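Given next are the chains, with one letter for each unit.
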Amino acid sequence: MIFTETRGNDGTRDARVSFSAALLSPIASFGGIYSPETMPALGPEFLAKHLPSSYKELALALLQHLDIDIETQILQQALDLYDRFDDATDPVPLVRLDEKLFVSELYHGPTRAFKDMALQPFGLILSALAQQQDQHYLILTATSGDTGPAALETFRDRANIRVVCLYPDGGTSDVQRLQMVTEAASNIKVIGIRGNFDDAQSALKSLLSSKTFNQRLGTLNISLSAANSVNFGRIIFQMLYQFHCYLALVRQQAIELGEQVVLHIPSGNFGNALGAYYAHRLGLPIAKIVIASNANNVLTEWIHTGRYDLSNRELVTTTSPAMDILKSSNVERVLFDLFGAVRTQDLMRQLDDQGYYQLEPQEHEQIKDIFAADFCSDEEGKHYIQQAFAKGYLVDPHTATCFKTCQSAQYRDQVNILYSTAEWTKFASVMDNAINGSEPASDQQALESVAAAAGIKVPETIADLFEKPIAHPDVVEKQAIESEILKFLEPGN
Ligand SMILES: *Cc1c(COP(=O)(O)O)cnc(C)c1O
C-alpha cells in the first residue's frame, strides 16, 4: 500500500511514501496528512473464508491484503497484544441488546477505552521500526483523558521511545488522571497543566515551534512523531474490528453473509468512523455509517448540510469529553478519498482562512450516500444511560450518544451495530448521577455507588489505581513545560 498527501506535494519531500514512513513522520505538505493512494478491494470470497477465523487471524489476513512494509513477525507480535484483553479468544465481544441491536464492546483492553484497540499494536510497531533504524523518537501528547493513558500503557518501557503526556489538571476524570500519574517507567513523563485542554494543546503546539526545544532534540538525536489519529498507524488497526464484528453477526446468525448493516459510532476526531469508511471501501457490506456527536455537533451539521462551519462555534464541555472536538482531523481523509488532493487542499484552506467550507451539492450527495448523523445532549444521554441500566446494561456517556442515533425509524428494519468506546468505570461520576441521582464527591465514591446499584464489584484494575503510588506529581504553569521536558530528555534520565 502506498501513501500520499491529502493536500498535495510541496516539493520538499516525497509525494508517495510507504506505510512505515507515514507512521514515523505523519505530517505531510501544506499541513496535510498521509492517506492511502488507493483502497485494494477484497474479493467476495474473503468474508466467507474468514468466517471461522479468530480476531488475530482475521486481522493478519487483512493487514497482509493491505500489503504494508512491516515484517509478518512484527505484525504477529503486535497482534499478540490483544491476548492481554479481558478474553484473549474474543478481545472485542459483541453483545445482543435486542433482535436488531448489537453492541460491539471495543473497551476490553488495559486502559478500558477503545484507544487500546489501535494504540496497543501501534506502540510495538513504532518501537520496532525505531530500533531497526537505530533512531530515537519522542511522542508528545496532550490529552483530555483517554489517549494519554492508552499511549503511556503501550509505550511504557519500549525501546527507543520516550513519551511526554500533558493533561489539564482538573480536566480529566480521577480514574483517567490516576491511570496516567501512576504509570511508573523511566521513558515516561506526565505533566499536569494549570489550565484546560486547549491550554495543554496550545502549549504543545508552541513547544513544537520552539527553537531551543528543537535544537536540543537535534543534539540529543531525537525525532518527533505523533500517536494521535492523524497517524495512519492507528487508523489501520481501526479498520480491522469492523470486519470482526460483522463476521460475529453472521456467526450468531443475526445476518446472512452479504447482508448490509448499519454502524453507529460515537465520534470525535473521526478515527473510528474513518476505519469504518475504509472497511466499506474494501467491500464490507455497510448500509450507513451513522456519526453520533454530543452538543459539539459540527459533524451532524456537516453531514446534514454539506457545510463544515467553525466560524461561530465555541467548544462546549459535555459529559462525553472524548467527543468534545470541533476540528475532526480525519474528515480530511474522506475528502481526499472522494474528491482528491486539489479539492481537499482548497476546502481545508477555506476552513483555516474563513472558518467554514461548503461542499458542492454533488459532493454532499456522495457524503450522504454513506454517512448519516445525529447528536445527543447530555440530558438525553443521561436518559439513555438510565434506560440501558433498567435493562441491566451499563453504558458509558460516549456510547450513550449512539442510543439516540439508533432510535431513528429509518434503521428499524436493519441490523444495527453500536460501537461502545469506553467502560463505564472511566466516567463513574456521570454514571452515578444518571443511575442514582447522586452528586458524588469523588470518582472513588461514584464507582462504589454504581457498582452497588448494579450488584457488581468495581473492576480490580480500576479499584487498584487508588492504591498505587503517584509517579508523576508535577502540575506546572504553561511557561514551565519546556524546561520540565528538557530536564526529562537530558542524558542519564
Ligand atoms: C477517542 C474516543 C472517542 C472518539 O473517537 P474518534 O475516533 O476520535 O472519533 C469516543 N469515545 C471515547 C470513549 C473515546 O476515547
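What you are looking at is a predicted structure, and each value in this text was computed from that prediction instead of being measured.

(A) Looking closely at the side chain of Thr300. Relative to the helices and strands, Thr300 is located in helix H13 (residues 298–305). By relative accessible area, Thr300 is classed as buried at 4%. Setting aside residues up to four positions removed in sequence, Thr300 forms contacts with Ser293, Ala373, Asp374 and Phe375.

(B) Representation of the site of the ligand. Within the structure, the ligand sits among 15 residues, and Lys115, Asp146, Gly268, Asn269 and Thr421 are positioned closest to it. Asn269 is positioned with one of its backbone polar atoms (N or O) 2.8 Å from an oxygen atom of the ligand. Starting from 390 Å² of accessible surface for the ligand in isolation, the protein chains cover 96%. Of the residues that constitute the shell around the ligand, the class distribution is six nonpolar, seven polar and two charged.

(C) Here's a closer look at the sheet that holds strand E2 (residues 16–17). Strand order in this open sheet of three strands is E2-E1-E3, and the pairing throughout is antiparallel. The open sheet has two edge strands, E2 and strand E3 (34–36), and neither has a second partner. In terms of strand pairing, strand E1 (residues 3–5) meets E2 through two bridges, oriented antiparallel. The residue of E2 that forms the bridge with Phe3 is Val17.

(D) The arrangement of the sheet that holds strand E11 (residues 286–293) in detail. The strand order E4-E5-E15-E10-E11-E14 describes an open sheet built from six strands, whose pairing is mixed. What marks the edges here is a single partner per strand, and that holds for strand E4 (94–98) and strand E14 (371–375). For this sheet, the mean inter-axis angle between neighbouring strands, taken without regard to orientation, is 25°. Taken together, the five bridges between E11 and E14 define a ladder with parallel strand orientation. Across the sheet, residue Val290 finds its bridge partner in E14, namely Ala372.

(E) Structural context of the packing of aromatic side chains. Inspection of every chain in the model, using the stated rule, returns 14 aromatic pairs. Measuring from ring centre to ring centre gives 5.1 Å for Tyr55 and Tyr82, while their planes differ by 70°; the resulting arrangement is edge-to-face. Of the two residues, Tyr55 is situated in helix H3 (residues 55–66) and Tyr82 in the loop between helix H4 (72–80) and E4; the sequence distance between them amounts to 27 residues. Tyr82 matches Tyr55 in its accessibility class, with the two residues each being buried.

(F) Focus on the packing of helix H6 (residues 147–155) against helix H7 (residues 174–181). Following both chains from N to C, one finds H6 and H7 inclined at 25°, their axes separated by 9 Å at the closest point. Comparing the axis directions of H6 and H7 gives the class roughly parallel. Of the two possible hands of crossing, H6 and H7 adopt the one that is left-handed. Contacts between H6 and H7 pair Gly148, Pro149 and Leu152 from the former with Gln176, Gln179 and Met180 from the latter. Looking at side-chain class alone, the contact of H6 with H7 contains three nonpolar, three polar and no charged residues.

(G) Local environment of H6. Taken across its nine residues, H6 has nine buried, putting it largely inside the fold. Of all the residues in H6, the buried ones are Thr147, Gly148, Pro149, Ala150, Ala151, Leu152, Glu153, Thr154 and Phe155. Turning to H6, the residues buried within the fold contact helix H5 (115–132), strand E6 (136–142), strand E7 (161–168), H7, strand E8 (188–193) and helix H10 (232–235). Positive phi shows up at Asp157, right after H6, with a value of about 60°.

(H) Focus on the pattern of salt bridges. This model, assessed by the stated rule, comprises 27 salt bridges. A salt bridge links Lys368 to Glu365, with the shortest nitrogen-to-oxygen separation between them at 3.5 Å. With a gap of three residues between them, Lys368 and Glu365 both fall in helix H15 (residues 361–370), about one helical turn apart. Here Lys368 falls in the partly exposed class, since its relative accessible area comes to 32%. Taken together, the salt bridges that share partners define one network made up of Arg84, Glu153, Arg156 and Glu183.

(I) The arrangement of the environment of Ile289 in detail. Relative to the helices and strands, Ile289 resides in strand E11. Other than its neighbours up to four places away in sequence, Ile289 contacts Leu263, Ile265, Ala273, Ala276, Tyr277, Ile370, Phe371 and Ala372.

(J) Up close: the packing of helix H11 (residues 240–251) against helix H12 (residues 271–282). At a closest axis distance of 8 Å, the pairing of H11 and H12 adopts a crossing angle of 65°. With respect to H12, the element H11 is oriented roughly perpendicular. Viewed along their axes, H11 and H12 form a crossing whose handedness is right-handed. Contacts from Tyr241, Gln242 and Phe243 of H11 reach H12 at Asn272, Gly275, Ala276, Ala279 and Leu282. Tallied by class, residues from the contact of H11 with H12 come to five nonpolar, three polar and no charged.

(K) Seen up close, the pairing of E8. Judged by how many residues are buried, E8 sits mostly within the fold: six of six residues are covered. In the sheet, E7 pairs with E8 via six bridges, with the strands oriented parallel. Considered in E8, the bridge of Tyr167 is made with Gly192. With H7 bridging E7 and the parallel E8, this β-α-β connection has right-handed handedness. Alignment of E8 against strand E16 (residues 475–476), held across two bridges, turns out to be parallel. From the neighbouring strand, Ile193 faces E16, where its bridge partner is Val476.

(L) Summary view of unusual backbone geometry. Positive phi is not limited to glycine here, since Phe30 has a value of about 55°. Within the fold, Phe30 resides in the loop between helix H1 (19–24) and E3. With a relative accessible area of 41%, Phe30 lands in the partly exposed category. Although it is not a glycine, Asp134 sits at a positive phi angle of roughly 50°. Here Asp134 lies in the loop between H5 and E6. Taking relative accessible area as the criterion, Asp134 reaches 63% and is therefore assigned exposed.

Quick notes on the rules
- Residues numbered from 1 in each chain as written.
- Predicted model: local features only at pLDDT ≥ 70, side-chain atom pairs only at ≥ 80, totals over all residues.
- Heavy atoms only, no water.
- Helix = DSSP H or I, 4+ residues; strand = E, 2+ residues; numbered from the N terminus.
- Buried < 20%, exposed > 50% of the residue type's maximum accessible area, 1.4 Å probe, protein only.
- Contact = heavy atoms within 4.5 Å.
- Near = heavy atom within 4 Å.
- Polar contact = N/O pair within 3.5 Å; in protein donor to acceptor, adjacent residues only side chain to side chain.
- Areas by Shrake-Rupley, 256 points an atom, 1.4 Å probe, with all protein chains shown as cover.
- Nonpolar A, V, L, I, M, F, W, Y, C, P; charged D, E, K, R; others polar.
- Pairing = 2+ DSSP bridges.
- Axes fitted to C-alpha atoms, helices over the stretch in contact; angles between N-to-C directions.
- Phe/Tyr/Trp six-rings, centres within 6.5 Å; stacked < 30°, edge-to-face > 60°.
- Parallel < 35°, antiparallel > 145°, perpendicular 65-115°, else oblique.
- Left-handed = near helix turned anticlockwise from the far one by under 90°.
- Salt bridge = Lys/Arg side-chain N within 4 Å of Asp/Glu carboxyl O.
- Right-handed = clockwise from strand over helix to strand, strands pointing away.

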